[in-house]
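What the coordinates show
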Amino acid sequence: MFFRQARPEDAEAVVRLMLTAIGDIAHQLAGTGDDEEAMQVLERFFQAKGNRISHENAVVAEMDGRVIAFMLAYHGSQAAELDRPIVERLAAIGVDDPTLKREARPDEYYLDSIAVDAEYQGQGIGTQLLQLFESQASERGHHKIMLLVDKENPHAKQLY
């Protein structure tokens, strides 16, 4: 297994993992309640540059030529700029309130989402991704890191 910067062609694998991490937030970002349409919208955003879920902000774990985990992180000072393409799409398709909830503060390096394929969980891959997240923050000169965890997700709480 090795870690690498995500690439546009990782979209399908990463978005499938992302859906396990973010759940209904995927529908909010995509502006649709339809699972397949949400997947397609998020894949297009992942393949594009300059948005919250872009491959530019993601690292993947790869094993045997297959993406088995990912981590998505960005600095809070970039949040408004990274959200703009998503908000513009939501407004264009007629979503009543196209704003996105700001999770990252302007002075924090933010772990947006992380997921490990169920087949590979329990092997320390999530822990290694968290360590990579901390290293990225340090290397980029960010002194504060942040993540949010759902109280109803005991596995994530245990990992963090």
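Conventions used here
- Residues numbered from 1 in each chain as written.
- Predicted model: local features only at pLDDT ≥ 70, side-chain atom pairs only at ≥ 80, totals over all residues.
- Heavy atoms only, no water.
- Core = buried A, V, L, I, M, F, W, Y, C linked by side-chain atoms within 4.5 Å.
- Buried < 20%, exposed > 50% of the residue type's maximum accessible area, 1.4 Å probe, protein only.
- Helix = DSSP H or I, 4+ residues; strand = E, 2+ residues; numbered from the N terminus.
- Contact = heavy atoms within 4.5 Å.
- Pairing = 2+ DSSP bridges.
- Axes fitted to C-alpha atoms, helices over the stretch in contact; angles between N-to-C directions.

This next bit is on the nonpolar core. Proteins that are soluble and globular tend to have nonpolar side chains buried together. Ranked by size, the top nonpolar core spans 26 residues in total, and within it Val14, Met18, Leu29, Phe46, Ile53 and Phe70 carry the most contacts. Of all the secondary structure elements, the ones that give two or more residues to this core are α1 (11–22), α2 (25–30), α3 (35–47), β2 (58–63), β3 (66–75) and α4 (79–92). Setting aside residues no more than four positions away along its own chain, Val14 makes contact with Phe46, Val60, Val67 and Phe70. Listed in part, the 16 residues of the second largest apolar core include Val59, Met71, Ile125 and Leu129.

Spatially, five strands are ordered β1-β2-β3-β4-β5 in an open sheet, and the strand pairing comes out mixed. One side of each edge strand has no neighbouring strand; the edge strands of this open sheet are β1 (2–5) and β5 (145–147). Pairwise comparison of adjacent strand axes, ignoring direction, gives a mean angle of 30 degrees for this sheet. The sheet contact formed by β2 and β3 spans six bridges and is antiparallel. Within the sheet, the bridge partner assigned to Val60 lies in β3 and is Phe70. Contacts from α1 reach β2, β3 and β4 (109–116), with the element oriented near 65 degrees to β3.

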